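So you can see what is in the structure, the chains are spelled out below.
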Amino acid sequence: WVGDGGTYDIGFQALSAAAERNDNIIHFCYNNEAYSNTGMQRSGATPRHCYTTTTPGGKLQPKKNVPLLMLEHNVPYVATASLAFPGDLYDKVMKAKSMKGFKYIEIFAPCFTGWQFPSSDTVDISRMAVKTGAWLLWEAEYGKMKFSPATERIVNGKVPRQPIDQYLCRQGRFNRLLKNSEEASAIIEEIQGDIDREIEFMRKRAEIS
């Protein structure tokens, strides 16, 4: 049970080695998009233009897609989840428990202290991440990937995506930069571009058997 810093960055060598060996474990990554246990420093999971204590002017690089990297290790099972969709998480954990070999489950878990929003909004912020496409729910068994229902409806255009600016402006880690920047529109557009590219790439990846 490891955070995104220990998974994406300082622990990735050991994680990759365990996956390559197909060790019979479930690696849970709780992703709050920063090193939240040590003061909210940027990690490989931190989105572009996000404020952290080590990126006070906003992070310049887009975040990594470690679940995709784990999928390409040819392991039995990879899944993403969100605390706003507990039934989906439960089903994925039960499936992972039933399989032998290396399993990877990444849980999107906003940190209200580091992200700077009221704690009572935690589940709503988590749900907005999925509804804007900022966090995609999917799973893959032996390389065959499919989207979970909440994301599948968005990816295939069955329901419209929520505007990303509403999601960003509810978080101090973005809003503290947006409200004081003459380039706010360009920043929002660049973040939206990162999300659009990720959705299109993962949509194409899901077509590969």
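Here the structure is a predicted model, which is why all the values come from computation and not from measurement.

Student: It is not clear to me how the pattern of salt bridges should be interpreted in this structure. Could you clarify?
Tutor: As a working rule, side chains carrying opposite charge can pair if their charged atoms are close by. Counted under the stated rule, the structure contains 18 salt bridges. With its nearest N and O atoms 2.5 Å apart, the salt bridge here joins Asp194 to Arg197. With Asp194 and Arg197 both in helix α10 (residues 184-206) and 3 residues apart, this pair spans about one turn of that helix. A relative accessible area of 16% places Asp194 in the buried class.

Student: Would you mind showing me how to read the pairing of strand β4 (residues 103-108) here?
Tutor: A regular strand places its side chains so that they alternate between the two faces of the sheet. Burial within β4 is extensive, with 6 of its 6 residues counted as buried. The two faces of β4 match: Lys103, Ile105 and Ile107 on one face and Tyr104, Glu106 and Phe108 on the other face are all buried. Where strand β2 (residues 26-31) lies against β4, 6 bridges are found, and the strand directions are parallel. Looking at β4, one finds that Cys29 is bridged to Glu106. Bridge count between strand β3 (residues 77-82) and β4: 6 bridges; the pairing is parallel.

Student: Could you clarify how one ought to interpret the sheet that holds strand β5 (residues 138-141) in this entry?
Tutor: Whether parallel or antiparallel, the strands of a sheet pair through hydrogen bonds between backbone atoms. In spatial order, the strands read β1-β2-β4-β3-β5-β6; together these 6 strands make up an open sheet with mixed pairing. The open sheet has two free edges, formed respectively by β1 (2-3) and β6 (144-147), since each of these has just one partner strand. By the bridge criterion, 2 bridges tie β1 to β2 in an arrangement that is parallel. Paired with Val2 across the strands is Cys29, a residue of β2. Against the sheet, helix α4 (residues 86-97) contacts β2, β3, β4 and β5, and its axis sits at roughly 160 degrees relative to β3. Here α10 sits on the sheet in contact with β5 and β6, set at roughly 130 degrees to β6.

Student: Would you explain the environment of Arg170 in this entry?
Tutor: Looking at the secondary structure, you find Arg170 in the loop between α8 (164-169) and α9 (172-178). Sequence spacing of Arg170 and Pro118 is 52 residues, and the spatial spacing of their C-alpha atoms is 9.4 Å. Each residue touching Arg170, except ones within four places of it in the same chain, is listed here: Gln116, Phe117, Asp121, Asp124, Ile125 and Met128. Only 2.6 Å separates the side chain of Arg170 from the side chain of Asp124, close enough to count as a polar contact.

Student: Can you walk me through helix α6 (residues 122-132) in this structure?
Tutor: Helical geometry: 3.6 residues make up each α-helical turn, so side chains three or four residues apart lie on a common side. Along α6, the positions that sit buried rather than exposed are Thr122, Ile125, Ser126, Met128, Ala129, Val130 and Thr132. Gly133 occupies a position one or two residues after α6 and carries a positive phi of about 85 degrees.

Student: Is there a simple way to think about the nonpolar core in this case?
Tutor: What tends to happen in soluble globular proteins is that the nonpolar side chains get buried as a cluster. One finds Met70, Phe102, Tyr104, Trp115, Trp138 and Tyr167 to be the most contacted residues of the largest nonpolar core, which totals 47 residues. No other element matches α10, which puts 7 residues into this core. If sequence neighbours within four positions are ignored, Tyr104 has contacts with Thr7, Tyr8, Leu15, His27, Cys29, Val66, Pro67, Met70, Tyr77, Val78 and Ala79. Counting 9 residues, the second-largest nonpolar core is a separate cluster that includes Ala79, Ala81, Leu89 and Ala96.

Student: Help me understand the packing of aromatic side chains, please; the structure alone is not making it clear to me.
Tutor: For any pair of aromatic rings, the description rests on two quantities: the centre-to-centre distance and the angle between the ring planes. Scanning all chains against the criterion turns up 5 aromatic pairs. Taken together, a centroid distance of 6.1 Å and an interplanar angle of 20 degrees make the contact between Trp1 and Tyr30 stacked. A residue pair is termed long-range when its members are at least 10 positions apart, and Trp1 in the segment before β1 and Tyr30 in strand β2 qualify at 29 residues. Given a relative accessible area of 64%, Trp1 falls into the exposed group. Ring geometry for Trp115 versus Phe117: centroids 6.3 Å apart, planes at 70 degrees, classification edge-to-face. What makes Trp115 buried here is its relative accessible area of 0%. In this structure an aromatic cluster arises from ring pairing among Phe108, Trp115, Phe117 and Trp135.

The rules we used
- Along every chain, residues carry numbers that run from 1 in the direction the sequence is written.
- Given that this is a predicted model, residues contribute local features only at a pLDDT of at least 70 and side-chain atom pairs are listed and counted only at 80 or more, while totals for whole chains, interfaces and linings are drawn from all residues.
- Hydrogen atoms and water are omitted, and side-chain values are computed over all heavy atoms in the structure.
- The term salt bridge refers to a side-chain nitrogen of Lys or Arg lying within 4 Å of a carboxyl oxygen of Asp or Glu.
- In this description a helix means any DSSP run of H or I spanning at least four residues, a strand means any run of E spanning at least two, and both kinds are numbered starting from the N terminus.
- Burial classification: accessible surface area is computed with a 1.4 Å probe over protein chains only, and a residue below 20% of its type maximum counts as buried, one above 50% as exposed, and the rest as partly exposed.
- A pair of strands is considered paired only if DSSP assigns at least 2 bridges between the two.
- It only takes one pair of heavy atoms within 4.5 Å for two residues to be counted as in contact.
- Helix axes are fitted only over the stretch in contact, all axes being lines through C-alpha atoms; the angle between N-to-C directions runs from 0 to 180 degrees.
- Within 3.5 Å is the distance limit for a polar contact, defined as a pair of N or O atoms, with the added protein rule that one can donate a hydrogen and the other accept it, and that residues adjacent in sequence qualify only through two side-chain atoms.
- Buried residues of nine kinds, namely Ala, Val, Leu, Ile, Met, Phe, Trp, Tyr and Cys, make up a nonpolar core once their side-chain atoms join them within 4.5 Å.
- We call Phe, Tyr and Trp rings a pair once their centres come within 6.5 Å, taking the six-membered ring for Trp, and we label the pair stacked below 30 degrees between planes, edge-to-face above 60, and tilted otherwise.

Scope: geometric values only; no functional claims are made or implied.
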